[in-house]
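# Descriptive structure summary
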Amino acid sequence: MKAKGYIFDYGGTIDTNGCHWGKMLWHAYQRHNIPIHEDEFRRAYVHGERTLGRIPIIQTDYTFRKTLSIKLRIEFEYLQDKGLLNANNFNSASHQTAILDDLYQKVTDTTAKAREVLLKVKEQAPVVLVSNFYGNINVVLDEFHLDSIFKDVIESAVVGVRKPDPEIFQLGIKALGLPPEDIVLVGDSFDKDILPGNSVGLKTVWLKGEQWDDRSYDETLPDKIITNFSQLIGR
């Protein structure tokens, strides 16, 4: 899809190729045989996200690896506090490290592939990042060698607006200095990317990966649907 500018989501798009982060974590729990049910994990995941949203635990200089380790610690503490993991016969620390290493390698590999795509897109038109993040997105971009790609970075913790509020996309439009109809938004979340993007006049590409739930969506709304990030450049 031709455009004069692009807006990209980060989490769940560039770093996981469309897989919801809750699902990324759950699959890692499964691979490492954490003895809980998915509904128990989901409660721990939601607790962790709400905790990080309420308390400024993540500092601006934290890497993604450190951020992910904190997420895992909060989830495991929740599971143990609720009696779902018995600390006396379950080595929590070693399992957290194993999951951390596992996921960090996957994200490293995925972002390396995404970087190749983003560089090719950047040859065609300027790109801006619009992300719900904790205030450390620039450190994370540097960590994965993505720091020189974006014309501007609009981060929720910095600008004080979070998706799905369309205003955060207006900031991305302003950063590109283009009419919204000339800009393509690429994101994995139908509710947080595609719907608000459409509402401000952006063209939208939905990276349809593994979702958090089984809801159905109106697939006529996005201008294009892809199932792999590399499809942006015709692979």
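Since we're looking at a predicted model, the values are computed, not measured.

Conventions and cut-offs
- Residues numbered from 1 in each chain as written.
- Predicted model: local features only at pLDDT ≥ 70, side-chain atom pairs only at ≥ 80, totals over all residues.
- Heavy atoms only, no water.
- Pairing = 2+ DSSP bridges.
- Helix = DSSP H or I, 4+ residues; strand = E, 2+ residues; numbered from the N terminus.
- Axes fitted to C-alpha atoms, helices over the stretch in contact; angles between N-to-C directions.
- Contact = heavy atoms within 4.5 Å.
- Buried < 20%, exposed > 50% of the residue type's maximum accessible area, 1.4 Å probe, protein only.
- Right-handed = clockwise from strand over helix to strand, strands pointing away.
- Expected span 1.5 Å × (residues − 1).
- Core = buried A, V, L, I, M, F, W, Y, C linked by side-chain atoms within 4.5 Å.

Overall, parallel pairing links the 6 strands, which are arranged β3-β2-β1-β4-β5-β6 in an open sheet. Edge positions in the sheet fall to β3 (152-155) and β6 (224-226), since each has one partner strand and no second. The average undirected angle you get between the axes of adjacent strands in this sheet is 20°. Note that strand β1 (residues 5-8) and strand β2 (residues 127-131) share 3 bridges and pair parallel. Looking at the pairing, Tyr6 lines up with Val127 of β2. Of the strands in this sheet, β1, β2, β3 and β4 (183-187) touch helix α7 (residues 167-176), which is tilted by about 160° from β2. Against the sheet, helix α8 (residues 190-199) contacts β4 and β5 (203-207), and its axis sits at roughly 165° relative to β5.

Moving on, we get to the pairing of β4. When you tally the buried positions in β4, you get 5 out of 5 residues, the bulk of the element. Alternating positions in β4 separate into two faces, Ile183, Leu185 and Gly187 on one and Val184 and Val186 on the other, with burial throughout. The pairing of β1 with β4 spans 4 bridges and is parallel. Its bridge partner being in β4, Ile7 is matched across the sheet by Leu185. Pairing of β4 with β5 involves 4 bridges; the strand directions are parallel. Bridge pairing in β5 places Gly187 opposite Trp206. Read from β4 through α8 to β5, the crossover connection turns out right-handed.

In a regular helix each residue adds 1.5 Å, so 18 residues correspond to 26 Å; helix α3 (residues 64-81) covers 26 Å between its end C-alpha atoms and thus fits that length. When α3 is considered as a whole, its buried residues turn out to be Phe64, Thr67, Leu68, Ile70, Lys71, Leu72, Ile74, Glu75, Phe76, Tyr78 and Leu79. On the buried face of α3, the contacting elements are α1 (21-31), α2 (38-54), α4 (92-124) and α5 (137-143). One or two steps after α3, the chain reaches Gly83, where phi turns positive at roughly 75°.

Moving on, we get to α1. When you tally the buried positions in α1, you get 8 out of 11 residues, the bulk of the element. The set of residues buried in α1 consists of Trp21, Gly22, Lys23, Met24, Leu25, Trp26, Ala28 and Tyr29. Tucked into the core, α1 has its buried residues touching α2, α3 and α4. Asn33 sits one or two residues past α1 and shows a positive phi near 55°.

On to unusual backbone geometry. Backbone torsion omega between Lys163 and Pro164 reads 15°, so that peptide bond is classified as cis. Mapped onto the secondary structure, Pro164 falls in the loop between α6 (156-159) and α7. The residue His145 is not glycine, and still its phi comes out positive at about 60°. Mapping His145 onto the fold places it in the loop between α5 and β3.

Along the chain, the position of Lys192 falls in helix α8. The spatial distance from the C-alpha of Lys192 to the C-alpha of Ala112 is 24 Å, given a sequence separation of 80 residues.

Grouped burial of nonpolar side chains is what soluble globular proteins tend to show. In this structure, Phe8, Tyr10, Ile14, Tyr29, Phe150 and Phe229 are the most contacted members of the largest nonpolar core, which totals 53 residues. With sequence-adjacent residues up to four places away left out, Tyr29 is seen in contact with Ile34, Ile36, Phe41, Leu72, Glu75, Phe76, Leu79 and Ile99. Counting 14 residues, the second-largest nonpolar core is a separate cluster that includes Val128, Val130, Ile173 and Ala175.

Time to look at the environment of Ile7. Looking at the element boundaries, Ile7 is found in strand β1. For Ile7, a relative accessible area of 0% gives the class buried. Taking the C-alpha atoms as reference points, Ile7 and Gly187, 180 residues apart in sequence, are found 8.6 Å from one another. The residues touching Ile7, leaving out its near neighbours within four places in the chain, are Val128, Val130, Phe169, Gly172, Ile173, Leu176, Ile183, Val184, Leu185, Val186 and Leu202.

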